[in-house]
Amino acid sequence: MVVICAAVACFLLMRGMPEWKRRSDIREAARAIAVRDIDRLGELLACGLSPASLIAEGTWRERTLLMAAAEKGSPEVIKMLCLHGANPLRTGYRGNGVLFPILNAEHRTVRHWQCFSYLVRLPGVPTQPYACGIEPLGWAIRLGLPDGYISELLENGADANGMSIGGEKHLFTVSGTRPMFDQDESSIIRIVELLVQHGADINWLSREGQTAVDAAHLSGLPSVEEFLLGKGGKARHDLGSSGE
């Protein structure tokens, strides 16, 4: 009897869910995601909750169910939502994409990495720009994320020649990264290697007329400078008049 009543209720809700019920279910879904209650979330989705629903907690905190799951570090929830048709390209957080809560997490865990690894393989996600126009790779570099994140983004379509924050190409930004981040040189060179492997323009000139070799030299990163020189990189004064 209980099963029959539940089925009837779901049918009626799917035909036209009242606004108060929709909002109530979204709040319940947010609670289910917060405690990783897969069964409860599945019930809500089966009874008509849209996987595209937005959790509204103020303008800045408005986020999709996928974003809430990513923020919590719940790969199981993310997979369930995607199976129910959630659009990974729908934005929240004032126009930012689904990777935003992971890349900007204060404490990233193994579960966050699992969420990232699943989402980054979905079409369009690796190149979906933040609200400011910078793609995830630029943010990952700017935030000093481990090379594993950089590698996953590049392997799934991120542009090695894209722009980081500040209007400089990724390779230039990384090569002069010591002043910005507390990263050791071995971490920096791994990212430089990944960018070069994926076709980064090694002799691109910055707005100040510097190359990645110049950036590494000025930042006191001799191993990075040596690697770039070995790959055909040049300092600005060694380039021809055309800058090539």
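Here's a quick rundown of the structure. Note that the structure is a prediction, hence the values are computed from the model and not measured.

1. Some words on the nonpolar core
Then, in step 1: Of all hydrophobic cores here, the largest spans 66 residues; its most connected members are Leu41, Leu103, Leu171, Val192, Leu195 and Leu228.
Then, in step 2: In terms of residue count, helix 11 (residues 185-197) provides more of this core than any other element does, seven residues in total.
Then, in step 3: Leaving out residues up to four positions away in the same chain, Leu228 has contacts with Leu171, Ser175, Val192, Val196, Ile202, Ala212, Val213, Ala216 and Gly233.

2. Description of the packing of aromatic side chains
Then, in step 1: In this structure the tally under the stated criterion is seven aromatic pairs.
Then, in step 2: Here the aromatic rings of Tyr93 and Phe100 are separated by 5.0 Å at their centres, their planes lie at 35°, and the arrangement is tilted.
Then, in step 3: By relative accessible area, Tyr93 is classed as buried at 2%.
Then, in step 4: Phe100 gets classed as buried once you look at its relative accessible area, which sits at 10%.
Then, in step 5: Centre to centre, the rings of Phe100 and Tyr130 are 5.4 Å apart; their planes meet at 55°, and the pair counts as tilted.

3. Looking at the packing of helix 9 (residues 147-155) against helix 11
Then, in step 1: As a packed pair, helix 9 and helix 11 sit with axes 9 Å apart at the nearest point and diverge in direction by 5°. As far as their axial angle goes, helix 11 and helix 9 are roughly parallel. Where helix 9 abuts helix 11, its residues Asp147, Ile150, Ser151 and Leu154 lie against Arg190, Ile191, Leu194 and Leu195.
Then, in step 2: Residue composition of the contact of helix 9 with helix 11, by class: five nonpolar, one polar and two charged.

4. Remarks on helix 7 (residues 110-119)
Then, in step 1: Within helix 7 the residues assigned to the buried category are His112, Cys115, Phe116, Ser117 and Leu119.
Then, in step 2: Buried residues in helix 7 make contact with helix 4 (65-72), helix 5 (75-83), helix 6 (100-103) and helix 9.
Then, in step 3: At the N-terminal end of helix 7, a side-chain oxygen is found 3.3 Å from the backbone nitrogen of Arg111, two or three residues along, and the residue is Thr109.

What counts and how
Residues numbered from 1 in each chain as written. Predicted model: local features only at pLDDT ≥ 70, side-chain atom pairs only at ≥ 80, totals over all residues. Heavy atoms only, no water. Core = buried A, V, L, I, M, F, W, Y, C linked by side-chain atoms within 4.5 Å. Buried < 20%, exposed > 50% of the residue type's maximum accessible area, 1.4 Å probe, protein only. Helix = DSSP H or I, 4+ residues; strand = E, 2+ residues; numbered from the N terminus. Contact = heavy atoms within 4.5 Å. Phe/Tyr/Trp six-rings, centres within 6.5 Å; stacked < 30°, edge-to-face > 60°. Axes fitted to C-alpha atoms, helices over the stretch in contact; angles between N-to-C directions. Parallel < 35°, antiparallel > 145°, perpendicular 65-115°, else oblique. Nonpolar A, V, L, I, M, F, W, Y, C, P; charged D, E, K, R; others polar. Polar contact = N/O pair within 3.5 Å; in protein donor to acceptor, adjacent residues only side chain to side chain.

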